[in-house]
Amino acid sequence: MLQKPKGTLDIKGKDAKSYKYIENAFNNFMSLYNYEYIKLPTFEVTELFYRGMGESTDVVNKETYDFIDKSGRKMTLRPEFTAGVVRSFIENKEYTDGIKKYFYFGSSFRYERPQKGRLREFTQGGVEAFGIKNPAFDAEIISMAYRFLSSLGLVNLKVRINSLGDRESRQTYSEMIREYLSKDYDNLCDICKERLNRNPLRILDCKYDGEREYIKNAPKSVDYLNEESKEYYNKVKEMLEVLDIPYIEDSSLVRGLDYYSHTVFEIVSDLEELGKANTVCAGGRYDNLVELLDGPTTPGIGFAFGVERLMILMEELEAFIPEINLDVFIMNLDNNLYSYQVADDLRNSGFTVEIDYTNKNMKALWKLVDKYNPRYVIIIGEDEVKSGYLTVKDNITKEETKVKESEIIDFLDMNI
Ligand code: ATP
Ligand code: MG
């Protein structure tokens, strides 16, 4: 029997409901903030991710799905959206428009070791905004993520924030960290030994070394911010307080990617269900990325959340997901065409309708009614076709009435 690839999911049944609910909720939520939807290719030229995410990142080093197409081009299934959105922003010269605010939703791919909340194909929703350099906006981005997740009924979320400062601050800090970690060289894991030269900050993020006391006691980025960066960070925090967003400052938060500057943040859940995969949303400011990908210097900021991780939390917390209720089930007793016409009329008037297509016996049909649990059952057999009166059964009170065909829509309008 053929099976789905390791690390992928068939999202169906109850899970599909919660998946679609999150997607719809996100669409609606983003319109409150006037963001525009963007849909991008699922694969891009490999070089985009190498340059965009940084060659020494875990994602690009080990986790990408790379392939060579039939013309010999190197392609990569997107491991995240940011690089693609920036590519599109530059390619379409959107920077001439000033401010641009996008949101997206779709699959990302990473060749990781699958476990709960860690998949090889997973769904990210997120935003990227260009052209705004204002600490109040950083705070708004963080609050937007927090408010959205809260609106799904997720409680017990923690917002962790940190600042890496501008290019100059980040550079000074990197040097300090390199010096500090060089003294610990022998204890570093093999990957971190390599990182020490290329990007020492990433060692603080390491899932192994990051847990060690020596690394935990490393100098903090906030202590190396220049005046300007410090002021920027203070304003972000001030604004978060104004917006009443609970946050924790976490100096170990440096984020795994090369492109971040100033504000970085993560939203984590303290529910044990997710184990180490407990970061549900992550993001930050990236003022150098557009330039790095050959665009004009443009500030940018964004975040991405993992939909499957949200689904696990929503299930765990028994978050409310509205059901789609069936208004009408049509029992088509002798497979008459008239029943399908009634179904069509009702659906055109906005009622949710299911009909029996199989010409089953009465007993089987009532079983179907139990399964679908409609508000009304409309029975249409020979008598009904002849008389033009439909038999309508209220599935709550079990009361049965005859309703003239031309009045059925009014009847349902009044009762549903
Ligand atoms: P982690 O530390 O858990 O590996 P990350 O830092 O690699 O996460 P990001 O690149 O910031 O993750 O991606 C943003 C969000 O996408 C994460 O916070 C998480 O919710 C989700 N995510 C990332 N990788 C996976 C994965 N392999 N499976 C499911 N969700 C994922
Ligand atoms: Mg990861």
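Residues numbered from 1 in each chain as written. Chains lettered and ligands numbered in written order. Predicted model: local features only at pLDDT ≥ 70, side-chain atom pairs only at ≥ 80, totals over all residues. Heavy atoms only, no water.

(A) View of the pairing of strand β14 (residues 376–380). Along β14, 5 of the 5 residues are buried, which leaves the element largely enclosed by surrounding structure. Neither face of β14 is left uncovered, since the one carrying Tyr-376, Ile-378 and Ile-380 and the one carrying Val-377 and Ile-379 both have all their residues buried. Relative to β14, strand β12 (residues 328–332) runs parallel, the two being bridged by 5 bridges. If you follow Val-328 over to β14, its bridge partner there is Tyr-376. Where β14 and strand β15 (residues 389–394) come together, 4 bridges link them in antiparallel fashion. (Buried < 20%, exposed > 50% of the residue type's maximum accessible area, 1.4 Å probe, protein only. Helix = DSSP H or I, 4+ residues; strand = E, 2+ residues; numbered from the N terminus. Pairing = 2+ DSSP bridges.)

(B) Expanded view of the sheet that holds strand β9 (residues 261–269). Reading across from one edge, β1-β5-β6-β11-β10-β9-β7-β8 is the order of the 8 strands in this open sheet, with mixed pairing throughout. Whereas interior strands pair on both sides, the edge strands pair on one side only; in this sheet they are β1 (36–37) and β8 (247–249).

(C) Representation of the site of ligand 1. Near ligand 1 there are 16 residues, and of these Arg-110, Glu-112, Arg-118, Leu-119 and Arg-255 occur at the shortest range. Measuring from an oxygen atom of ligand 1, one finds a backbone N or O atom of Thr-279 at 3.0 Å. Arg-309 is positioned with one of its side-chain polar atoms (N or O) 3.0 Å from an oxygen atom of ligand 1. Relative to its unbound accessible surface of 590 Å², ligand 1 loses 89% to contact with the protein. Among the secondary structure elements, those contributing two or more residues to the shell around ligand 1 are β6 (121–130), β10 (279–285) and β11 (300–306). If you tally residues by element for the shell around ligand 1, the top one is β10, at 4 residues. For the shell around ligand 1, a count of residues per class yields 6 nonpolar, 4 polar and 6 charged. (Near = heavy atom within 4 Å. Polar contact = N/O pair within 3.5 Å; in protein donor to acceptor, adjacent residues only side chain to side chain. Areas by Shrake-Rupley, 256 points an atom, 1.4 Å probe, with all protein chains shown as cover. Nonpolar A, V, L, I, M, F, W, Y, C, P; charged D, E, K, R; others polar.)

(D) Local environment of the packing of aromatic side chains. Within this structure, the stated rule accounts for 22 aromatic pairs. Relative to Tyr-95, the ring of Phe-89 has its centre 6.1 Å away and its plane inclined at 70°; by these criteria the two rings are edge-to-face. For the pair Tyr-376 and Phe-411, a centre-to-centre distance of 5.5 Å together with 70° between the ring planes defines the contact as edge-to-face. With Tyr-376 in strand β14 and Phe-411 in helix α16 (residues 408–415), this residue pair connects regions lying 35 residues apart in the sequence. One aromatic cluster is present, built from ring pairs that chain together Tyr-19, Phe-26, Phe-29, Tyr-33, Tyr-37, Phe-103, Phe-105, Phe-148 and Phe-305. Stacked on the ring of Tyr-111, the Lys or Arg Arg-120 has its end atom at 3.9 Å from the ring centre. Positioned over the ring face of Tyr-185 is Lys-193, at 5.6 Å from the centre of the ring. (Phe/Tyr/Trp six-rings, centres within 6.5 Å; stacked < 30°, edge-to-face > 60°. Lys NZ or Arg CZ within 6 Å of the ring centre and 35° of its normal.)

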